[in-house]
Amino acid sequence: MIFRYEEILFFYFLFLLSIILYGQSKLQDYTLDFPGTSLKLEMIAIPAGTFVMGGNTQSPEEEKPPHKVALDEFWMAKYETTWDLYNLYLERSIEDQEFQKSDIIKVDIDAVSGATIPYVDMSLGMGKGKDLPVGNVTYLAASQFCKWLSAKTGDFYRLPTEAEWEYAARAGSNSSYFFGEDPMALANFAWYAANSDASYHKVGEKQPNSWGLYDVYGNVAEWTLDAYDPKYYKSADKISKNPFNVPTSVYPNSVRGGSYKDDAFKLRSSARFFSSKEWKRRDPQFPKSKWWNTDAPFVGFRIVRDPNPPSAQELKKYWGE
């Protein structure tokens with residue numbers, strides 16, 4: 001059989017494509033069951049890849065310059081962390097129940113700091129019912145939830161880096177939003193100022209992005225691992241591979257995705273926001289709680305699982321310690 005030149009090129013293209021897809025599909029989606037409960041954590045496999053991080057010419061300076069970033073593969077939670085799940089850590093209500101454990105991470109569960117039980121309604125009246133996203137938790141509290149889950153499962157859970165968050169939110173797109181440029185379409189994908197009635201909503205009620213992640217825009221904004229530096233992108237040549245701007249102080253840390261109280265501009269994939277001491281303004285305690293904010297019910301978190309954990313000596317910087 002004699003193949004034409006065009007057919008040879010076509011088969012060669014399919015061969016290359018198969019190599020690329022195989023290299024990007026080693027991880028698989030999975031669901032983690034929580035023993036003794038009906039709760040589940042659905043994790044989406046995010047392929048390794050390279051993307052252009054940052055905004056365009058109309059974007060604020062902290063989103064410039066746009067620059068190429070290469071990331072290894074990881075898993076990301078399908079939904080924002082809910083009150084149901086967070087309360088398992090808060091109340092240690094499955095402490096005597098064992099997960100199916102791996103041997104990747106070995107952390108003594110007793111070494112994990114326990115967050116205090118909130119002293120007021122941290123939802124500020126928006127509710128803590130089934131499938132509602134947790135809010136008003138600090139960077140430390142969100143990170144220690146990840147450490148607790150890592151200790152229970154033996155796998156490495158943490159918050160996403162800024163780069164991982166934006167890469168996953170974009171889901172292969174290079175437009176302002178993963179669905180394009182028209183903010184009028186946001187109502188199909190996000191709870192934000194125009195449609196939220198000034199409240200967060202149950203996770204998963206809007207349409208997901210093309211990688212299967214729900215509420216990456218709006219509902220509650222999401223903590224990332226990174227310290228916030230408005231000039232960080234200026235050193236793009238130094239942060240092109242798995243960038244992580246390690247925090248050296250409590251404030252400010254980077255927050256992504258916008259929330260139910262934000263306008264469309266703040267929900268863009270490249271939009272950056274940061275934590276503030278004002279988020280504890282009404283905290284009457286001295287010293288103020290390291291676990292809870294009082295004025296940021298619009299900030300929650302989404303977790304990732306990293307298949308390539310760092311050394312034991314480096315783990316602390318990933319868990320807010």
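All of these numbers come straight from a predicted model, not from anything done at the bench.

A closer look at the overall build of the protein
Within the protein, the regular secondary structure consists of four helices and eleven strands. For 321 residues, the compact-globule formula gives about 20 Å, and the C-alpha radius of gyration of the protein, at 20 Å, lands near that figure. If you line up the protein on its principal axes, its C-alpha atoms span 80 × 45 × 35 Å. For the protein, the proportion of its 321 residues judged to be buried stands at 54%.

Some details on the packing of helix H2 (residues 83-91) against helix H3 (residues 139-153)
Running from amino to carboxyl end, H2 crosses H3 at an angle of 75°, the nearest separation of the two axes being 10 Å. Considering their axes alone, H2 and H3 lie roughly perpendicular with respect to each other. Counted together, Leu85, Tyr86, Leu88 and Tyr89 of H2 and Ala141, Gln144, Phe145 and Trp148 of H3 form the full contact between these two elements. Here the contact of H2 with H3 is built from residues that sort into seven nonpolar, one polar and no charged.

A word on empty space enclosed by the protein
A water-sized probe, rolled over the atoms, reveals where empty space remains. Evaluation of the coordinates by the stated rule reveals one cavity of 30 Å³ or more. By volume, the largest cavity is sized at about 40 Å³. Residue lining of the largest cavity: Met53, Glu162, Ala163, Asp226, Tyr232, Tyr233 and Pro243, and that is the complete set. Residue composition of the lining of the largest cavity, grouped by class: five nonpolar, no polar and two charged.

Some thoughts on the sheet that holds strand S11 (residues 304-305)
Strand order across the open sheet formed by five strands is S1-S2-S5-S11-S6, with antiparallel pairing between neighbours. Edge strands, defined here as strands with exactly one partner in the open sheet, are strand S1 (30-33) and strand S6 (157-158). Sheet topology note: the S6/S11 ladder contains two bridges and is antiparallel. Bridging from a neighbouring strand, Arg158 pairs with Val304 of S11.

Concerning the side chain of Lys280
Tracing the chain through its elements places Lys280 in the loop between strand S9 (272-274) and strand S10 (299-300). It turns out Lys280 is buried and unbridged, and the closest side chain with the opposite charge, Asp283, is 5.1 Å from it. At 2.9 Å, the side chain of Lys280 and the backbone oxygen of Trp292 are in polar contact. With near-sequence residues (within four places) excluded, Lys280 lies in contact with Thr138, Tyr251, Lys288, Ser289, Lys290, Trp292, Asn293, Thr294 and Asp295.

Let's talk about the environment of Trp292
Examined against the element boundaries, Trp292 turns out to sit in the loop between S9 and S10. Taking the C-alpha atoms as reference, Trp292 lies 8.4 Å from Thr116; in sequence the two are 176 residues apart. A polar atom in the side chain of Trp292 sits 2.9 Å from the backbone oxygen of Thr116.

Describing the pairing of strand S2 (residues 40-46)
Where burial is concerned, most of S2 is hidden: five out of the seven residues are buried. Here S1 folds back onto S2 in antiparallel fashion, the turn holding six residues, of which Gly36 has a positive phi close to 80°. Note: S2 against strand S5 (residues 74-77), four bridges, orientation antiparallel. In the sheet register, Met43 faces S5, and the bridge partner there is Ala77.

Comments concerning the layout of surface pockets
Of the voids in this model, the largest pocket is the one considered here, and its volume is about 420 Å³. Lining the largest pocket are 22 residues, and of these Tyr139, Leu140, Ser249, Val250 and Asn253 lie nearest its centre. Classifying every residue of the lining of the largest pocket gives eight nonpolar, nine polar and five charged. The volume enclosed by the second largest pocket comes to roughly 290 Å³. Surrounding the second largest pocket, 17 residues form its lining, Lys40, Tyr79, Thr82, Leu85 and Asp131 being those nearest its centre. Among the elements of the structure, S2 and H2 are those that each provide at least two residues to the lining of the second largest pocket. With three residues, S2 is the largest single contributor of residues to the lining of the second largest pocket. When grouped by side-chain class, the residues that make up the lining of the second largest pocket number seven nonpolar, three polar and seven charged.

Some remarks on the sheet that holds S10
If you trace the four strands from one edge of the open sheet to the other, you get S9-S8-S7-S10, paired in mixed fashion. Strands at the two margins of the open sheet, each flanked by one partner only, are S9 and S10. Examined bridge by bridge, strand S7 (residues 221-227) and strand S8 (residues 253-256) share three bridges and lie antiparallel to one another. Pairing of Glu222 across the sheet is with Arg256, part of S8.

Reading guide: rules and limits
- Residues numbered from 1 in each chain as written.
- Predicted model: local features only at pLDDT ≥ 70, side-chain atom pairs only at ≥ 80, totals over all residues.
- Heavy atoms only, no water.
- Helix = DSSP H or I, 4+ residues; strand = E, 2+ residues; numbered from the N terminus.
- Rg over C-alpha atoms; globule rule 2.2 N^0.38 Å.
- Buried < 20%, exposed > 50% of the residue type's maximum accessible area, 1.4 Å probe, protein only.
- Axes fitted to C-alpha atoms, helices over the stretch in contact; angles between N-to-C directions.
- Parallel < 35°, antiparallel > 145°, perpendicular 65-115°, else oblique.
- Contact = heavy atoms within 4.5 Å.
- Nonpolar A, V, L, I, M, F, W, Y, C, P; charged D, E, K, R; others polar.
- 1 Å grid on protein atoms, 1.4 Å probe; cavity = no way out; pocket = protein on both sides within 12 Å on 5 of 7 lines; lining within 4 Å.
- Points joined across faces, edges and corners; volume = space filled by probe spheres on them.
- Pairing = 2+ DSSP bridges.
- Lys, Arg positive; Asp, Glu negative; His and termini not counted.
- Salt bridge = Lys/Arg side-chain N within 4 Å of Asp/Glu carboxyl O.
- Polar contact = N/O pair within 3.5 Å; in protein donor to acceptor, adjacent residues only side chain to side chain.

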